[in-house]
Number of protein chains: 2
Amino acid sequence: MSEELNKTELAEAGGKTRLYVTADLGEGVAVTLDEGQTHYLLHVLRARAGNLISLFNGRDGEWLAEIAEAGKRGVTATCRKQTAGQHGTPDIWLAFAPVKKTPSDYLVQKAVELGVSVLQPVFTRRTIVTRINEERMAANAVEAAEQSERLTVPEIRAGVSFDKLLASWPTERRLLFCDEGGDAKAMTQAARESRGGPTGILTGPEGGFDPAERAAVRALPFVVPVSLGPRILRADTAALAALAIWQSIAGDWS
Amino acid sequence: MSEELNKTELAEAGGKTRLYVTADLGEGVAVTLDEGQTHYLLHVLRARAGNLISLFNGRDGEWLAEIAEAGKRGVTATCRKQTAGQHGTPDIWLAFAPVKKTPSDYLVQKAVELGVSVLQPVFTRRTIVTRINEERMAANAVEAAEQSERLTVPEIRAGVSFDKLLASWPTERRLLFCDEGGDAKAMTQAARESRGGPTGILTGPEGGFDPAERAAVRALPFVVPVSLGPRILRADTAALAALAIWQSIAGDWS
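Residues numbered from 1 in each chain as written. Chains lettered and ligands numbered in written order. Predicted model: local features only at pLDDT ≥ 70, side-chain atom pairs only at ≥ 80, totals over all residues. Heavy atoms only, no water.

A. Structural context of the sheet that holds strand β4 (residues 62–71) of chain B. All names here are of chain B. Pairing is mixed across the open sheet formed by five strands, whose spatial order is β1-β3-β4-β5-β2. If you trace the sheet from one side to the other, it starts and ends with β1 (18–20) and β2 (30–32), each paired once. Strand-to-strand, the axes of this sheet are offset by a mean angle of 40°, without reference to chain direction. Helix-sheet contacts for helix α2 (residues 35–44) involve β1, β3 (52–56), β4 and β5 (74–84), and the interaxial angle to β5 is about 90°. Running over the sheet, helix α4 (residues 134–148) touches β1 and β3 and is turned about 140° from β1. (Pairing = 2+ DSSP bridges. Helix = DSSP H or I, 4+ residues; strand = E, 2+ residues; numbered from the N terminus. Axes fitted to C-alpha atoms, helices over the stretch in contact; angles between N-to-C directions. Contact = heavy atoms within 4.5 Å.)

B. Region of the structure containing unusual backbone geometry. Residue and element names in this part refer to chain A. Here the phi dihedral of Arg46 falls at roughly 50°; this positive angle occurs in a residue that is not glycine. Since its relative accessible area comes to 61%, Arg46 is described here as exposed. In this structure, Glu149 takes a positive phi of about 65° despite not being glycine. With respect to the helices and strands, the residue Glu149 is situated in the loop between α4 (134–148) and β8 (155–156). (Buried < 20%, exposed > 50% of the residue type's maximum accessible area, 1.4 Å probe, protein only.)

C. How the structure looks around helix α8 (residues 235–250) of chain B. For α8(B), spanning 16 residues, the distance from its first C-alpha to its last is 22 Å, which sits close to the expected 22 Å at 1.5 Å a residue. Burial analysis of α8(B) places 16 of its 16 residues in the buried class, which makes it a mostly covered element. (Expected span 1.5 Å × (residues − 1).)

D. View of the relation of the copies chain B and chain A. Superposing chain B onto chain A takes a rotation of 180° plus a shift of 0.0 Å along the axis, which leaves an RMSD of 0.0 Å. Put plainly, the chains are arranged around a two-fold axis. Taking C-alpha positions as the reference, the residue of chain B nearest the rotation axis is B:Ile245, at 2.7 Å. Comparing interface residues between copies, 100% of those in chain B also lie at the interface in chain A; the contact surface is shared. (Least-squares fit on C-alpha atoms with pLDDT ≥ 70 in both.)

E. Structural detail: the interface of chain B and chain A. Contacts between chain B and chain A engage 32 residues on the former and 32 residues on the latter. Interface area, chain B with chain A, both sides summed: about 2900 Å², of which 56% is carbon and sulfur. Ranking the residues of chain B by area buried against chain A places B:Arg231, B:Arg234 and B:Trp253 at the top, with a combined share of 25%. Summed over the shared surface of chain B and chain A, the result is six salt bridges. B:Arg231 is paired through a salt bridge with A:Asp252; the nearest N and O atoms lie 2.9 Å apart. Where chain B packs against chain A, one counts 20 residue pairs in polar contact (both at pLDDT 80 or more). When residues in the side of chain B that touches chain A are grouped by element, the largest group, eight residues, is from α8(B). Residues of the side of chain B that touches chain A, tallied by class, amount to 13 nonpolar, ten polar and nine charged. (Buried area = accessible area lost by both parts, 1.4 Å probe. Salt bridge = Lys/Arg side-chain N within 4 Å of Asp/Glu carboxyl O. Polar contact = N/O pair within 3.5 Å; in protein donor to acceptor, adjacent residues only side chain to side chain. Nonpolar A, V, L, I, M, F, W, Y, C, P; charged D, E, K, R; others polar.)

F. Local environment of the confidence of the model for chain A. All names here are of chain A. When pLDDT is averaged across chain A, the result is 91; 94% of the residues are at 70 or more. Per-residue pLDDT, averaged within each element of chain A, yields its smallest value for helix α1 (residues 7–15) (48) and its largest for strand β12 (residues 199–203) (98). Note on residues 1–11: pLDDT under 50 across the span, and 13 contacts to partners over four residues away in sequence or across chains. As scored by the predictor, the complex reaches a pTM of 0.91 and an ipTM of 0.90. (pLDDT = per-residue confidence, 0-100.)

G. Spatial organisation of helix α3 (residues 101–113) of chain B. Between the first and last C-alpha of α3(B) there are 19 Å, a value that for 13 residues agrees with the 18 Å anticipated at 1.5 Å per step. Burial analysis of α3(B) places ten of its 13 residues in the buried class, which makes it a mostly covered element. Listed as buried for α3(B) are B:Ser104, B:Asp105, B:Tyr106, B:Leu107, B:Val108, B:Gln109, B:Lys110, B:Ala111, B:Val112 and B:Glu113. Buried residues belonging to α3(B) abut α3 (101–113) and α8 (235–250) of chain A together with β6 (92–96), β7 (118–123), α4 and α8 of chain B. B:Gly115 sits one or two positions beyond α3(B) and adopts a positive phi of about 80°.

H. Expanded view of the pattern of salt bridges. A full pass over the atoms with the stated rule returns 32 salt bridges over all chains. Between A:Lys110 and B:Asp236 there is a salt bridge whose closest N-O contact spans 3.0 Å. Of this pair, A:Lys110 sits in helix α3 while B:Asp236 is found in helix α8, placing the two residues in two different chains. Here A:Lys110 and B:Asp236 have matching classes, each one buried.

I. Summary view of the environment of A:Met137. All names here are of chain A. The residue Met137 is located in helix α4 in this model. Note: C-alpha distance between Met137 and Leu119 (18 residues apart in sequence) is 9.3 Å. If we ignore the near neighbours within four places in the chain, the residues touching Met137 are Phe96, Val108, Leu119, Pro121, Ile132 and Ile156.

J. Representation of the pairing of β5(B) within the structure. Residue and element names in this part refer to chain B. Taken together, the three bridges between β2 and β5 define a ladder with antiparallel strand orientation. Looking at β5, one finds that Ala30 is bridged to Thr78. Taken together, the nine bridges between β4 and β5 define a ladder with antiparallel strand orientation. Looking across to β5, one finds that Leu64 is bridged to Lys81. Joining the antiparallel neighbours β4 and β5 is a turn of two residues.

K. Representation of the domain arrangement of chain A within the structure. Residue and element names in this part refer to chain A. For chain A, the domain assignment lists domain 1 (7–84) and domain 2 (92–250). Between domain 1 and domain 2, the C-alpha centre-to-centre distance is 33 Å. Residue-level contacts link nine residues of domain 1 with eight residues of domain 2. Interface area for domain 1 against domain 2, summed over the two sides, is near 670 Å², with a carbon-plus-sulfur share of 64%. Its largest share of buried area at the contact with domain 2, domain 1 owes to Arg18, Tyr20 and Phe56, together 71% of the area lost on that side. Scanning the region where domain 1 abuts domain 2 turns up five residue pairs in polar contact (both at pLDDT 80 or more). Considering every element that reaches the side of domain 1 that touches domain 2, the biggest residue donor is strand β1 (residues 18–20), with three residues. When grouped by side-chain class, the residues that make up the side of domain 1 that touches domain 2 number four nonpolar, three polar and two charged. (Domains from an automatic or database assignment.)

See below:
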């Protein structure tokens, strides 16, 4: 690796392969990559010793690392230079009723790109999906974080019932309830009012919340019902639209 | 059909099956449904004479219609009552570089829910997809319009080259260019400034626009480069985020 490369050139060199690791990162630190990453590097990218990749772990920024060993015993890469300092992602949670497989994969991927910090599946009365694959969700989240150049991976929480979600919700965290009707606030206004404070977004399943759920959530002091316009949005569209608008007004898009 | 049903009850009765037709709609008008709709009504819903459905055509509002005939010769429904007056969808175009099959289907579906008025595929230098299936796009758009309770179906245009798009773009229509970098305006600000005027959104392929394309589009007087935040968004995420933010600020969401 040439010592003459500047920071931008270094970032470009490593930028094409960007991997999330859990190990600490720092000048000269050697990182052993996991089985999936090893397979990807050896058999998809045909990487060899001396190639450059980028690593991040959600704590130590982004590092350009040089592959030191690439063989049957695995792949090890040595951190050479920090190419980005660590910075956070806005504190925005998404509590969502899981939908069928492909839309859920899609929702996780898009929510990560749009900068969600916590993904919380919630089972409502009309939620048809009864189990979620948290491992699959986590793998999707890592992949989306790698590709979107995030420096963090969102937390994937275990699924909870709707009642438990409301009972355990931190009362200082505003909850924007994506309601289908009634006297809801425009999302733009709710986002402006949530600036600088911890916030969550709650979206329902196909078919919406049932009347008892709607009444229960609307009665809570930290809940703000919000409207997403005159058309009926699918569950995943609603979650992504709400996140995009929130980021553009109260998040890190400006 | 009981004459005592009020407007809300009528809408609920017909609301579950909502079909787009091209024929004129009006009091007592009989509409013959097409082959796909006939199959759906007879073999999926097992509809029978006397059942109620909702019809819209993009011009005459929404009508509750009673199935008059349902048999081998097809399905005919008679308009009984207008349940919603016609109203438009905001004048917002989306010009997008098509991506692989599933994301394109997804993009069309979501863009229709989010209230796009024109969908314009555009082939850029880095667009890998070389053909688009306009029929499939149109069918997806109709289905999304039916399910999202739109009263219109967006226009699906034939794909054009990037150069042709720019050369034929109506100069009075502002074009929000979703750029990946440079001195772009925040999407919220660009949306505020586009209020009340004809507007389009332009998003690129996976891999973005090439430098020559970027220079060409930025040189045009009607183009406003906009930013969608610090993370790299996939092509379809960028299009949906831009549309959602535009609708919430300059469209019909407030």
